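Now for the letters of each chain:
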Amino acid sequence: MGALTIAGAVYAQDAGSDQPSQDSAKKLETITVTGSRIRSVDVETAQPVISLSQADIQKTGLTNVGDILQNLTITGQPTFSKAAVLTSNTEEGGQYVNLYNLGENRTLVLVNGKRWMTSLNGYTDVSTIPAALIDRIEILKDGASSIYGSDAVAGVVNIILKDHVNGASVSGSIGQNQGGDGTQQAYSFTVGNTTEKSSLVFAATYNKTSTVWAKDRDITRYTYGPYEESAGYSGTGPWGRFTYNGKTYVLNHTGDPNNIGVGADATQLSNYHVGVQPNDYFNATNQMMEQLPTELKSIFTEGSYKLSDNVTFKANGMYAERDSSTQVAGYPLKSTSQPNFPVYISGQSYYNPVPGTDLSFVRRITELPRVTSESAKSLHFDAGFEGDFEFLDHPWNWDAGFDYNKYDVDSTGTGNINLLNLQKALGPSFLNSQGVVQCGTAANPIALSQCVPFNILGGPSASTKAALNYIMAREQSTSQSISKDFSANITGGLFELPAGTFSFAAGVEHRNANGYDTPDELASAGYTTDLAAGATVGSYTTNEAYVELNAPLLKDLPGAKSLDLDVASRYSHYSNFGSTTNNKYSFTYSPIEDLMLRGTFAKGFRAPTLGDLFGGGSQTFDNYTDPCDAKYGSLSNPTVAKNCAAAGLPANFRQTDTAGNAVQGPNQQSTTPFVTGAGNQYLQPEHSTTRTLGLVYSPHYVDGLDMTLDYYDIKITNVITAIDANYVLDQCYQYSVQEFCSAFQRDANGQVVNLHRGNANLGWLETTGYNLGVNYRLPAFSFGKFVFNMNVNYLDDWNQASTDGAPAINYAGQYGLPHWRANLGLDWTLGKWGATWGIRYYGAFLDQCWDETTHCNMPNYTSVNWGYGTGANRNGAIVFNDAQVRYQLPWKAQVSFGMRDIFNKKPPNTISAYTGGYNSSGSIDPTLDLGRYIYLQYNQQF
């Protein structure tokens, strides 16, 4: 049984056929495969592993690790991505791996087998790892806490960098979306020298991705897609609005939701109309990015020196800087944007249309789009010794070393409003003798250098640069996460059994993690319109030890070509919550030479992160649908209707927007800030149980064919949950869970206010499914060599329950969790020519309905497992096609030309995408489906 090579990263498969047979493999040096510490001559293990080579990566045309891994069929919808510009946290701008849709912080990322740096919330930004430096990527598709400790619940991604180079190489890649945006550039330089005793590698890389604007595509130009344009408009437009004598006044203007226009004289009450009209709304996506720009610079060096025949010293270091920025629409400002620090237009303001009366106002400051710039600096260093020796007539290997990871993020922000200055700018003002409006009164003027009056009701056409500069907040925040890791491992054979060597591995590890997040001081105090957040600071230490045993029980017997058992156990002691022990049991069984059966049963855990434990919490404006809303809620559910009535809400109750009007669609943004993310120092670790069962089949009568089929079942209990507003409301009204009903209040008009959603150990989640892999290296023809490969993931169930006693909801088949995902590829080579054709298949899925008649082809659909109430909209499957052509040039170079999404396939309009944090609903995978992408690559060896 050999190892399978893949035609492209998009088409990755499990271990299979391109390596030597077992007989020749016995002559090879032993290796360590991700998921086990025991060295072996065989790449086939009980653990299902995908392997991607540098050549595979090159064939995708992708230039960063995040996009490469996002192509895997077991990778789920990203929580944070280049397209989720509405997300507000230190992770935004990076890219993360979400195996099996179990969350990015449940996937452990290793580099060269060692833990990589994480944020305070446990997320590993893989975009900081330059793709050009990668030798291969191994993805372990099951849990491995017994070997690696915390976080290896969904699986392990082990990124192995180049460590032996002779000579130098340069590479470059440039590509662009057909629309002329989203340009990607990637350049690298690598040089190295390898001798019998030493090796040294140095590399530098540069990657840059330009902006994609939402307004430049029909499908992303509106919040809920082109079929329902006005529903996504914000009730807070660019023109001043205030309430006086029980009436709402809006300034007359020439604009509409997509065009700013010019406003009338805001000081005259006669220039206002009563009531919010359609043209007073605003399409916020006009100012938003669809994909944020990023720039990555990195340097890497690796060296080793053989101190003796049996001892080698190794060290490597990497420094990377990632710069990114996001832009969203100007702030929808109102007097009570910060409820604890309201700001009003003074009755003595020169610009007040009702002199003598303080006015409460509403107005979006479109002149100041909110821009957040982030600089993430990653520093990694590790050094150690490794060696080998003979013991009990068996070879043994050992290593001991130290790892250091430091992750710093500096964020600056513009576009939010300084409420202290706004209060002064809207305070008393007068027209001075020079004809200039000045703060203060004629009797007590305030110098223009200390205060600039702001004509807030006049809209963009009345704003001055000086006034905007005066009221704009300039914010800065910093965060840092540091980990230090000391480890030692040993592995070797203990004694011989009739079927082979009984092998052993053991190790110890001491790790310390600490960090902080310091938000902007003014914002944290609640004196800006930014989301007020508290500081985070904390640390913990862990001491761990593990042991792994491998026993070959049967060999070369009738009906039992081989049978091996592997047992591993890890003990972990954390300073913050205590101890946990996790075991893993695995087997491989080959009844005949062509067929191998494999299976694992593993216990795992995820320790609470620094953010989980010590997070300061933050304000948030959630998108939610009130279950009690008469049009978009779930009143057709008898339990919901009963609970809403018990809350004192009438049957015709409507959720309202920021204009006070009934919402025009589901999942509208809250009109007051909610609170999320407060740390909980009493959190306990999550626990997981993983079961896998699979087979690897390489029939001897079909040379070059390998097939794998694996079943997986991963259940996580005691889940550390940061729940969203919809979840809180649904658990209260649909499932009558009282602890969620007490997490919010309703104001005098029945609107949801003061909703708190934090971190807690709540309930469980479980996913089950099947992975199918096929790789077929066809016989050589006169017109070339062909390799066909296919990788299919079938998601059977994805169940979640809020508490142990609450009913489970099965989200499989809904947006982000299609039952089927598949990649197919065909690779061709002939002499110096090569080509690859790939197909990415996303299966059909259910989306929530807009209402009973719109975007709702299954209006009568209902199920206890359906997360959106009654009614569903089924979106059909979608297929993307990719291709690349390559040519080997005579001077040790290769040039490649390729296209992704050749047929410029448009994804289905999906309401749930906006709920998931994207700024529009026009997306099935917002990191990848931006239309046809054309690229050119050049690689030169020296």
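Residues numbered from 1 in each chain as written. Predicted model: local features only at pLDDT ≥ 70, side-chain atom pairs only at ≥ 80, totals over all residues. Heavy atoms only, no water.

## With respect to the overall build of the chain
A tally of helices and strands in the chain yields 12 helices and 48 strands. Relative to the compact-globule value of 30 Å for 942 residues, the chain shows a C-alpha radius of gyration of 30 Å, a close match. Across its three principal axes, the chain shows a C-alpha extent of roughly 100 × 60 × 60 Å. Burial analysis of the chain (942 residues in total) assigns 59% to the buried set. For the chain, the proportion of contacts with a sequence separation of at least 24, taken over those separated by at least 6, is 72%. If you sum the accessible surface of the chain, you get close to 35,900 Å²; carbon and sulfur atoms cover 55% of it. With 60 positive and 85 negative side-chain charges, the chain shows a separation of 4 Å between the mean positions of the two kinds. (Helix = DSSP H or I, 4+ residues; strand = E, 2+ residues; numbered from the N terminus. Rg over C-alpha atoms; globule rule 2.2 N^0.38 Å. Buried < 20%, exposed > 50% of the residue type's maximum accessible area, 1.4 Å probe, protein only. Contact = heavy atoms within 4.5 Å. Areas by Shrake-Rupley, 256 points an atom, 1.4 Å probe, with all protein chains shown as cover. Lys, Arg positive; Asp, Glu negative; His and termini not counted. Charge placed at Lys NZ, Arg CZ, Asp CG, Glu CD.)

## Quick word on the packing of aromatic side chains
For the structure shown, the criterion picks out 29 aromatic pairs. Measuring from ring centre to ring centre gives 5.1 Å for F341 and Y527, while their planes differ by 80 degrees; the resulting arrangement is edge-to-face. Here Y527 lies in the loop between α7 (521-524) and β24 (536-557) and F341 lies in the loop between β16 (332-334) and β17 (361-364), a separation of 186 residues in the sequence. The exposure class assigned to F341 is buried, which follows from its relative accessible area of 15%. The structure contains a cluster of three or more aromatic residues connected by ring pairs, namely F389, F391, W396 and F504. Across from the ring centre of W764, 4.7 Å away, lies the NZ or CZ of K715, which sits over that ring. (Phe/Tyr/Trp six-rings, centres within 6.5 Å; stacked < 30°, edge-to-face > 60°. Lys NZ or Arg CZ within 6 Å of the ring centre and 35° of its normal.)

## A few points about helix α10 (residues 725-733)
Of all 9 residues that make up α10, 9 are buried, and the element is covered over most of its length. Of all the residues in α10, the buried ones are A725, N726, Y727, V728, L729, D730, Q731, C732 and Y733.

## Re the environment of V436
Tracing the sequence through the fold places V436 in the loop between β20 (429-431) and β21 (437-439). Relative accessible area serves as the criterion here: at 34%, V436 is assigned to the partly exposed category. Between the C-alpha atoms of V436 and L824, which are 388 residues apart in sequence, the distance is 69 Å. Sequence-distant contacts of V436, defined by excluding residues within four places in its chain, comprise F430, L431 and L448.

## A word on the state of the cysteines
Under the criterion given, the structure shown has 4 disulfides. Bridging C732 to C741, the disulfide has an S-S length of 2.1 Å. Across the S-S bond of C732 and C741 the torsion is about 105 degrees, and the bridge reads as right-handed. The exposure class of C732 is buried, given its relative accessible area of 6%. One disulfide in the model links C849 with C856; its S-S distance is 2.1 Å. Of note, the bridge from C849 to C856 carries an S-S torsion of about 65 degrees and is right-handed in sense. Under the relative-accessibility criterion, C849 is labelled buried at 12%. Numbered by position along the chain, the disulfide-linked cysteines of the chain connect as 1-2, 3-4, 5-6, 7-8. (Disulfide = S-S within 2.5 Å.)

## Side note on the environment of G750
As for its placement among the helices and strands, G750 is situated in the loop between β35 (745-746) and β36 (752-753). Overall, the relative accessible area of 5% leaves G750 in the buried class. Considered as a pair, G750 and G648 are 102 residues apart in the sequence and their alpha carbons are 8.3 Å apart.

## Concerning the sheet that holds strand β11 (residues 247-251)
Spatially, β12-β11-β10-β17-β16 is the arrangement adopted by the 5 strands of the open sheet, whose pairing is antiparallel. The sheet is open, and its two edges are formed by β12 (272-274) and β16, each paired on a single side. Averaged over all neighbouring strand pairs, the angle between strand axes comes to 25 degrees, with direction disregarded. Alignment of β11 against β12, held across 3 bridges, turns out to be antiparallel. Residue pairing across strands places Y249 opposite V274, the latter belonging to β12. (Pairing = 2+ DSSP bridges. Axes fitted to C-alpha atoms, helices over the stretch in contact; angles between N-to-C directions.)

## With respect to helix α9 (residues 638-646)
N-capping of α9 is provided by N637, with a side-chain oxygen placed 2.9 Å from the backbone N of T639. Immediately downstream of α9, the backbone of G648 shows phi near 85 degrees, a positive value. (Polar contact = N/O pair within 3.5 Å; in protein donor to acceptor, adjacent residues only side chain to side chain.)

## Side note on the confidence of the model for the chain
The predicted coordinates of low-pLDDT regions are not to be read in fine detail. Taken over all residues, the pLDDT of the chain has a mean of 88, while the share at 70 or more is 93%. Considering only residues more than four positions removed or in separate chains, one finds that residues 1-29, a stretch of pLDDT under 50, has 105 contacts. (pLDDT = per-residue confidence, 0-100.)

## Considering a nonpolar patch on the surface
A cluster of nonpolar side chains, contributed by I174, Y187, F897, I934 and L936, occupies part of the molecular surface with about 420 Å² of accessible area. Its location among the elements puts I934 in strand β48 (residues 933-941). Exposure remark for I934: the relative accessible area of 30% places this residue in the partly exposed category. (Patch = residues over 30% accessible without salt bridge, like charges linked within 9 Å, V, L, I, M, F, W, Y side chains within 5 Å. Salt bridge = Lys/Arg side-chain N within 4 Å of Asp/Glu carboxyl O.)

## Quick look at empty space enclosed by the protein
By the definition in use, this model includes 12 cavities of 30 Å³ or more. If you add up the space inside the largest cavity, you get close to 390 Å³. Every residue lining the largest cavity is counted, 29 residues in all, and those nearest its centre are R115, T118, D151, R511 and Y540. No other element matches the 4 residues that strand β22 (residues 472-497) contributes to the lining of the largest cavity. Counted by class, the lining of the largest cavity contains 12 nonpolar, 11 polar and 6 charged residues. Along its surface, the second largest cavity is lined by 24 residues, and T75, N101, G816, P818 and R821 are the ones closest to its centre. Among the secondary structure elements, those contributing two or more residues to the lining of the second largest cavity are β40 (785-801) and β42 (820-830). If one sorts the elements of the lining of the second largest cavity by residue count, β40 sits on top with 3 residues. Broken down by class, the residue content of the lining of the second largest cavity amounts to 12 nonpolar, 10 polar and 2 charged. (1 Å grid on protein atoms, 1.4 Å probe; cavity = no way out; pocket = protein on both sides within 12 Å on 5 of 7 lines; lining within 4 Å. Points joined across faces, edges and corners; volume = space filled by probe spheres on them. Nonpolar A, V, L, I, M, F, W, Y, C, P; charged D, E, K, R; others polar.)

## Notes on the pairing of strand β47 (residues 893-900)
As judged from the 7 bridges shared by strand β46 (residues 878-889) and β47, these two strands associate in the antiparallel manner. Within the sheet, the bridge partner assigned to Q888 lies in β47 and is Q894. Here β46 folds back onto β47, and the loop between the two strands holds 3 residues, one of which, K892, carries a positive phi near 60 degrees. When β47 meets β48, the two strands line up antiparallel, connected through 8 bridges. Looking at β48, one finds that Q894 is bridged to N939.

## A closer look at the nonpolar core
Membership of the largest hydrophobic core comes to 75 residues, with the highest contact counts inside it found for I137, I139 and I159. Looking at this core, the element that brings in the most residues is α10, giving 6 residues. When residues no more than four places from it in sequence are discounted, the contact partners of I159 are V65, V109, L110, V111, N112, I129, I134, R136 and I137. Counting 32 residues, the second largest nonpolar core, distinct from the first, contains Y331, L368, I417 and V452. (Core = buried A, V, L, I, M, F, W, Y, C linked by side-chain atoms within 4.5 Å.)

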